[in-house]
Amino acid sequence: MSHETERPSVQTSPIIPKPREGRAHYATWGFIVLCIFALYHMEQSWHHPAEYITFYFAALQIGALLRGVCNFMEEIWHMQSRYRNSWWRVVVACLSPSLRRHMLLLLISICAHMALFGETELQLFLNLILLCLCQLLSFAFGLQSPSAVEMSEICEKNNRNVAHGLAWSYYVGYLKLVLPRLKDLISEFNRANNNVLKCKETWKLHILLPVSCEIYDDLQKADSHIQYWKDLPALQLDRAGTKWRSYKQSIYTILGEDKKLNYCIVEYAPPLQSLYAMSQDESAAFSREDRLEQAQLFCRTLGEILQHSKECAGCYRLIVYEESGDNDSHFLSKEILRHIRQQHLEEYTMCEGNHESTTFLSTEPNILISDSELPGPLRSDGF
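Residue numbers restart at each chain and count upward from 1, following the sequence in its written direction. Two thresholds apply to this predicted model, a pLDDT of at least 70 for residue-level local features and 80 or more for giving and counting side-chain atom pairs, whereas whole-chain, interface and lining totals are computed over all residues. No hydrogens and no water enter the side-chain calculation; it runs on all heavy atoms of the structure.

- By the naming in an unreviewed UniProt entry, the protein chain goes by Stimulator of interferon genes protein and is assigned to Mauremys mutica.
- UniProt positions are given in the numbering used here, feature names are shortened, and annotations may be inferred rather than shown by experiment. Looking at the protein chain in UniProt, the text filed under Sequence similarities (unreviewed entry) is "Belongs to the STING family."
- Its UniProt record gives the protein chain a comment under Catalytic activity (unreviewed entry), which states: "H(+)(in) = H(+)(out)".

Okay, here's the thing in structure tokens:
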């Protein structure tokens, strides 16, 4: 339908973290204003604050330079394997991208300190040695290591998370190949199975994304209300030296609380299984907390990739969920049906203007349920 492409492919989920929005930077400027305000109202001479500001500012610049030099002493031993025998690459990697800024600020700080306080060269040299000593002791005891939040932000901004690579690999190596051809495969399946999946709006691949990464190879073991029914025709492509590599999806029957069967093309996202395996292998040094964070970022990244993929639009639905804590053995089937009904209601609401003779409250949706012996179609779009 025409409104299919207008509906956003990704919906906000409370499980998935949003990108950081720079509030720490705003908080920094807020504290700067408070400090200046406090100094102003103390009604003291600015000579003493200026002395400490220039001194500590010089210390920060010296610290950045010393850290780069210490890193350089390690990296020169890896010049061939990491930097292709290029000294320049080693220097650029070890020193801050804002090296010129550090050098300029250090020069300004030293000149300002000498101009304001008239120190002799010997006194200035002694102060610089003390600054270097303090910074080196700080590095030696690991007092300037970035926090977990800072590391996470750096990885997210530079797309260097495990989740980022897994999401792109899953998309490029599988979804981008399968989803654009999915509706053709369903059409072929319908011709051989008495047109079972009649409504084209239900022709979606439902991808299960448990944030716990606990994946069952057999969906029937995850929930007895989910039963394997048939496979779609296999898509065969030549990939990476393998002739006629086969890709296929399975159709499952899902038993609702009303005891009626619903039919759905559904599967887990395999990269989450890789994350779980990494967390179980000691050599991967990948904790349960790391797994949870990367699983959430994987779901977010995959949603963003698919949202911007025109060839995959209208061919998928991402179902992100956390396992129920009340030991509900049929939680997964209920979750899938809940998402399907939600999408059906959205579709029904959008179509309501074209059917003035019926109302949402007076008409019972009947697309999800099959009243005959044959499988009935499901409603599902997007994320």
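**Section: the pairing of strand β1 (residues 205-210)**
Here is step 1 of the chain: In terms of residue burial, β1 counts as a mostly covered element, since six of its six residues are buried.
Here is step 2 of the chain: Where burial is concerned, the two faces of β1 agree: the one with L205, I207 and L209 and the one with H206, L208 and P210 are both buried.
Here is step 3 of the chain: Here the rule is simple: two strands pair whenever DSSP picks up at least two bridges between them. Labels follow the DSSP assignment, with helices taken as runs of H or I lasting at least four residues and strands as runs of E lasting at least two, numbered in each case from the N terminus. As paired elements, β1 and strand β7 (residues 316-321) share six bridges and run parallel to each other. Directly across from P210, in β7, lies its bridge partner Y321.
Here is step 4 of the chain: Taken together, the three bridges between β1 and strand β6 (residues 261-268) define a ladder with parallel strand orientation. Bridging from a neighbouring strand, I207 pairs with E267 of β6. Residue exposure (1.4 Å probe, protein chains only): buried if accessible area is under 20% of the type maximum, exposed if over 50%, otherwise partly exposed.

**Overview of the packing of aromatic side chains**
Here is step 1 of the chain: Only Phe, Tyr and Trp rings are paired, with Trp represented by its six-membered ring, and only when their centres lie within 6.5 Å; those with planes under 30 degrees apart are stacked, over 60 edge-to-face, the remainder tilted. Per the counting criterion, the structure on display carries nine aromatic pairs.
Here is step 2 of the chain: Where Y170 meets F298, the ring centres are 6.3 Å apart and the plane angle is 35°; that geometry is what we call tilted. One end of the pair, Y170, is in helix α8 (residues 162-192); the other, F298, is in helix α11 (residues 288-307), and 128 residues separate them in sequence.
Here is step 3 of the chain: Ring centres of F189 and W229 lie 6.0 Å apart, and the angle between their planes is 75°; on these two criteria the pair is classed as edge-to-face. Placement of the pair is F189 in helix α8 and W229 in strand β2 (residues 226-231), with a sequence separation of 40 residues.

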